[in-house]
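Report on the structure
Here are the chains, one letter per residue:
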Amino acid sequence: MKMAVQQRKLMNKIFCLVIVLLVTVTAGAQTTTQSAPAWEWAGWGGGGFFFSAVFHPTKDGVIYMGGDVAGVYKSEDHGRNWRLINNGLADYAVYSLAVDRTAPQTVYAATEDGLCKSMDGGEHWRLLPNTGRKELRITGERKRSIRCVAVDPTDGKTVYAGSPAGQVFKSTDGGETWQVAYEKAGEQDSPEMLRVQFGKVDNSWCGGLWLPLAFPQGVTSTDCAGFGFSFKGDGTLPKDCFVTLKTTTGVPYRSRNLRELFKQTEWGDVVLGAKDFVLDPDYVKSHPDEARAYSGTPDWAAMNRMDFACVGPLMNEAPVGKFTRFFFALNRAPEGQPQSAATPHQHVVREFSKNKSVQTYGNIRIGSLQGGTIYSVAVAAKEPALVLAATDDAGLLLSSDAGKTWRELATPKKAASVAVAESDPNIIYATFFTDGVWKSSDKGKTWKDLSQSFPKKCSLCEVAVSPVNPLDVCVIGSIDWNGRFFYSNNGGETWTESSQLTPDSIANPSMATEHPTAARLSAPRNLTINPLNPKELFIAANWRPCLSADGGRTWTERVRGADISCVYDLRFHKGRTYAAAMDEGVLVSEDNGARWRALWPLKYDSKLGGHYWRLAISDNNGSDRIVSTCTSWNSGIPGCVVMSDDGGKTYASSAAGLPATIPTANTMWGHGGPRALVADPKNPLTLYLGIDGDPSSGKSGGGVFKSEDGGRTWAPLPGQPGSRRMFFGLAVDPTDSKRLYWGTCSTGGGLYRSEDGGASWQRIFKNETWVFNVHVTADGTVYCPGNNLWRSTDHGKSWKQLTKFPFSSRIIVAVETDPADAKRMWLATTTWSSATEGDVYETRDAGATWQQITGNLPYRKPLLLRYNPATRELWAAGVCLFKCRR
């Protein structure tokens, strides 16, 4: 324990070495400048997904590692301790890393938002020009990148990068400019059409495009037969597809479901008449009074925006639609235009032969069909003109002239990784997912399958070969989440499996008792060999990255300081700190964050394993009563609460009175869960729970639920707010237990208030419609965050805007106040992408002026801020845990 505390203090000192001067951003009427605080790490390691890793080429013990939510980590002691190095990084999702042997301090990080480069060992990063997702798309992406960047071992200015869009790019100036070295010939778009792929771009359930509309002058709505478009599908049907037309006042009309249109594989005009539209059902639910004032069919002349969107499991399916134009279908031509014999007359609002610009959102790609992703690239050390690429649909590609020409090799068509022996470029190993690992001894001319002894369903992700002995080769893979590691010392003729590791339950306390002395490798993604000591291997994997010092025979978890936890709530109680973490459950620290231990779940549990959202802590006859909310990993199990009356020694779950099915209509991310929890300040046994999602198909949906027995049983409130799409936005007024607040998002979004304990609700804030949280102080002051922060001192009757941020892409979720000083408060801006956009701000004059206090915070966009008045520390959470003295 003493050693653990000393190591934690050492890491805190490392984080405090650099104190950054405050850079102020106009957030209110005035700004001031002061020194930024020193943030200290206060979390734990592991418990999340690490995707990428590489050893430093000349400094023994230095390893770089990338994760999916927290950025880049660096260890200088063989993985025993890690720290985040995100200064200047463009995006926190890092799926591939590479180093330059000729300039050993140069590191490349392939992120979701482009390729970043550091020239000082990762201490500072820069996004390379034109590599962003909407530009060349030289990115690292989940399930599309394994080791997608390679630097010429003899010339560091030459860099190759595989793109998820199907190209291999080459740079000869260290990444400043790029040329396409390989691109698979695909379907060419006709210049008259716009090709739109709905799906398989990211993990969103929805993808759409929109256009501004201008109804023609000289005609009226009665002259309009409808709205139309020229369309051709590819036969792949989305789950749902709708056209939505919006009026100048924002009233939406939604079409019938158009999914069957995608069966139309020949060109044809589609005209939607008035009978094909209704007032958007979500709008009707959230605006019942306003909806009664509008006709159930659209007034064509009032329409100023059109959306065409598909909804469903778009991460797995990718229906394609092709368009040549959108138009109003008129019964006669506008005045001043020649009357056509054709009826209806088409008044074109967008002709794609002339203008292909559209606005898009979600899971969508515009443009021609591209080749499959390039998972990995490799350059031969002794013959750098030899370059190989592992592709999704063309197998292994080889170039013998530094990328000028390429040929497909006689391998399986879905290749994951490739490695060339350093001492002999004739020897090449490659992995092909479930088709195993293959070897060529003649520079790719012939191949041998080496994986007959492997489990049939094992998907092999990456292969690595010793830099000194081409017969020493190892490979990682998995069957579902069960990871596998195999090594061979005879060139792959025989293999030995070594997939167990020794866990570090102090550094990574989550699921600590499931495997106290031995754990199994989980879903490994990168395998790297120390070039200065080929017996030392490192694996980036789910939950527990690990190191071997004996060529892979034994493994030890190496995760101290590699914080990747998504912490969604913190509570301080009698010197203890409680945390609710996605995937990891509820944890407690009794020494202010120096060390943590898990309370639940302590092992894999299909019901209690999942996303933990919020906490309520109170006294219970000398013990701590703990209540938490949980969304199960199992998609068929509805959410529940987990309770303990003895500080976590024992615990039980309950869903009594909560929805028996998972809401799916009007939810935040496709399915509803118990995201909000709050206790009545006057009676901790009275709890309120928020679940997102509207009623649908005869099912009750989410809403606000109440428990009067500490969470054991629940009942929906007699009245429900007008919108149920919510996140953390639930609060009880400490001055009046019957006054409740509910923050909601999107259509009908804003802040709702009940004055009668939930019997009825009134929408009291409409200035912004994406309200993810609400904060109420001891005196009843209400803070409502959106793109800016608003305050009400009269329970929502009137509002004052406290910030004037210049950016619309960021939102405020985290808001905190000092209970001893009403003039002092904090907020954090964030985005829902993995981009490194966000900051923490402080005011000491009730919002008249704000100071940016992000400082050295490695994850600069927290979703949660909590102030501990006992220690005078502000904690930042969301991804990772940090604190600073305030």
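Residues numbered from 1 in each chain as written. Predicted model: local features only at pLDDT ≥ 70, side-chain atom pairs only at ≥ 80, totals over all residues. Heavy atoms only, no water.

**Quick notes on the overall build of the chain**
Defined as follows: The way it works is that DSSP assigns letters per residue, a run of H or I at least four long becomes a helix, a run of E at least two long becomes a strand, and they are numbered from the N terminus. For each residue, the accessible area found with a 1.4 Å probe, counting protein chains only, is set against the maximum for its type, and the residue is called buried under 20%, exposed over 50%, and partly exposed in between. The Shrake-Rupley method, run with a 1.4 Å probe, gives the accessible areas here. Residue values count only the displayed protein chains as cover. Neither His nor the chain termini are counted; the positive set is Lys and Arg, and the negative set is Asp and Glu. For this purpose, a charge sits on NZ of Lys, CZ of Arg, CG of Asp or CD of Glu.
Counting secondary structure elements, the chain contains 3 helices and 71 strands. If one aligns the C-alpha atoms of the chain with their principal axes, the spans along those axes are about 85 × 80 × 50 Å. Across the 886 residues of the chain, 60% fall into the buried class. Accessible surface, the chain as shown: approximately 33300 Å² in total, 50% of it carbon and sulfur. Taking the 97 positively charged and 89 negatively charged side chains of the chain as two groups, their mean positions are separated by 2 Å.

**What about the side chain of S498?**
Counted only if it meets this: The contact criterion used is simple: two residues touch if any of their non-hydrogen atoms lie within 4.5 Å.
In this structure, S498 sits in the loop between β38 (496-497) and β39 (500-501). Note on S498: relative accessible area 10%, which makes it buried. Residue contacts for S498: discarding those within four places in its chain leaves F485, Y487, G552, R553, T554 and W555.

**Quick look at the sheet that holds strand β45 (residues 567-573)**
Spelled out, the test is: For two strands to be treated as a pair, DSSP must find at least two bridges joining them. Fitting a line to C-alpha atoms yields each axis, with helices limited to the stretch in contact; the angle taken between N-to-C directions then spans 0 to 180 degrees.
Strand order in the open sheet made by the 4 strands is β45-β46-β47-β48, with antiparallel pairing throughout. In the strand order of this sheet, the two ends are held by β45 and β48 (597-600), each with one partner. Across this sheet, the average inter-strand angle for adjacent strands is 25 degrees, counted without regard to direction. Two elements, strand β46 (residues 576-581) and strand β47 (residues 585-589), share 5 bridges in a ladder whose sense is antiparallel. Across the sheet, A580 pairs through a bridge with V586, a residue of β47.

**Things to note about the pairing of strand β67 (residues 839-843)**
Most of β67 sits inside the fold, with 5 of its 5 residues counted as buried. Alternating residues of β67 divide into D839, Y841 and T843 and V840 and E842, and every residue in both groups is buried. Pairing of strand β66 (residues 821-830) with β67, which is carried by 5 bridges, proceeds in the antiparallel orientation. Opposite W826, over in β67, you have E842 as the bridge partner. With 2 bridges connecting them, β67 and strand β68 (residues 849-852) associate as antiparallel partners. In the strand pairing of β68, Y841 is matched with Q852. Where β67 folds back on β68, the antiparallel hairpin that results is connected by 5 residues, among which A846 adopts a positive phi of roughly 60 degrees.

**Here we look at the environment of A385**
With respect to the helices, strands and loops of the structure, A385 is situated in the loop between β27 (374-379) and β28 (387-391). With 310 residues separating them along the chain, A385 and P695 place their C-alpha atoms 61 Å apart.

**Observations concerning the pairing of strand β58 (residues 736-744)**
For a regular strand, the rule is simple: side chains alternate between the two faces of the sheet. Of all 9 residues in β58, 7 are buried; the element is thus mostly enclosed. Two elements, strand β57 (residues 730-733) and β58, share 4 bridges in a ladder whose sense is antiparallel. Pairing of D733 across the sheet is with D736, part of β58. Counting the residues between successive antiparallel strands, the hairpin from β57 to β58 contains 2 residues. Adjacent in sequence and paired antiparallel, β58 and strand β59 (residues 750-754) are bridged by 5 residues, among which S746 carries a positive phi angle near 70 degrees.

**Quick word on the confidence of the model for the chain**
Which entries qualify depends on this criterion: The predictor rates its confidence in each residue with pLDDT, a number between 0 and 100.
Scored by pLDDT, the chain has a mean of 92; 93% of the residues are at 70 or more. Long-range and interchain partners of residues 29-33, a stretch whose pLDDT sits below 50, account for 15 contacts in this model, where long-range means more than four residues apart.

**Quick word on the sheet that holds strand β61 (residues 775-776)**
Taken in spatial order, the 4 strands make up an open sheet running β61-β62-β63-β64, and their pairing is antiparallel. Either end of the sheet is taken by a strand with one partner, and the two such strands are β61 and β64 (800-801). Judged from the 2 bridges that link them, β61 and strand β62 (residues 782-785) form a sheet pairing that is antiparallel. Along β62, the bridge assignment pairs V776 with V782.

**Points about the pattern of salt bridges**
Formally: In what follows, salt bridge is the name for a side-chain nitrogen of Lys or Arg lying within 4 Å of a carboxyl oxygen of Asp or Glu.
Applying the stated criterion across every chain, the model contains 46 salt bridges. The closest approach of N and O atoms between R739 and D736, which form a salt bridge, is 3.8 Å. The closest approach of N and O atoms between R824 and D818, which form a salt bridge, is 3.0 Å. Neither R824 nor D818 differs from the other in exposure class; each is buried. Several salt bridges converge on common partners, so that one network encompasses D733, D736, R739, R753 and E755.

**Thoughts on the environment of V771**
Relative to the helices and strands, V771 resides in the loop between β60 (762-765) and β61. Separated by 25 residues in sequence, V771 and S746 have C-alpha atoms that sit 8.6 Å apart. When sequence neighbours within four positions are dropped, the list of residues in contact with V771 reads G743, T744, C745, G750, F765, C784 and P785.

**Considerations on the packing of aromatic side chains**
Threshold: When two rings of Phe, Tyr or Trp (its six-membered ring) have centres within 6.5 Å they constitute a pair, described as stacked for plane angles under 30 degrees, edge-to-face for angles over 60, and tilted for the intermediate range. We call a charge positioned over a ring when the NZ of a Lys or the CZ of an Arg lies within 6 Å of the ring centre and within 35 degrees of the ring normal.
Evaluated as defined, the whole model comprises 49 aromatic pairs. Taking the centre distance of 4.8 Å and the plane angle of 80 degrees together, the rings of F51 and Y95 count as edge-to-face. Here F51, found in strand β3 (residues 50-55), pairs with Y95, found in strand β7 (residues 94-99); they are 44 residues apart in sequence, far enough to count as distant. These aromatic residues form a ring-pair network of at least three members: F198, F215, F227, F229, F231, F262, F308, F323, F326, F328 and F352. The ring of F242 carries R254 above its face, with NZ or CZ at 4.3 Å from the centroid. The side chain of R810 reaches across the aromatic face of F807, ending 4.2 Å from its centre.

**A short note on unusual backbone geometry**
The omega angle of the peptide bond from W600 to P601 is -15 degrees, so this bond is cis rather than trans. Along the chain, P601 falls in the loop between β48 and β49 (610-620). The backbone phi angle of F433 is positive, close to 55 degrees, even though this residue is not glycine.

**Quick word on the state of the cysteines**
Among covalent bonds in proteins, the disulfide is the one between the sulfur atoms of two cysteines. Threshold: Throughout, a disulfide means two cysteine sulfur atoms within 2.5 Å of one another.
For the structure shown, the criterion picks out 0 disulfides. Looking at the unpaired C745, the closest cysteine sulfur is the one in C784, lying at 10.0 Å. Since its relative accessible area comes to 0%, C745 is described here as buried. The thiol of C880 is unpaired, and the distance to the nearest cysteine sulfur, on C566, comes to 8.2 Å.

**Here's the deal with the environment of L740**
With respect to the element layout, L740 can be found in strand β58. According to the relative accessible area criterion, L740 is buried, its value standing at 0%. Taking the C-alpha atoms as reference points, L740 and Y752, 12 residues apart in sequence, are found 8.2 Å from one another. Look past the residues within four positions of L740 in its chain and what remains in contact with it is Y688, L717, A731, V732, Y752, R753, S754, G757, G758 and W761.

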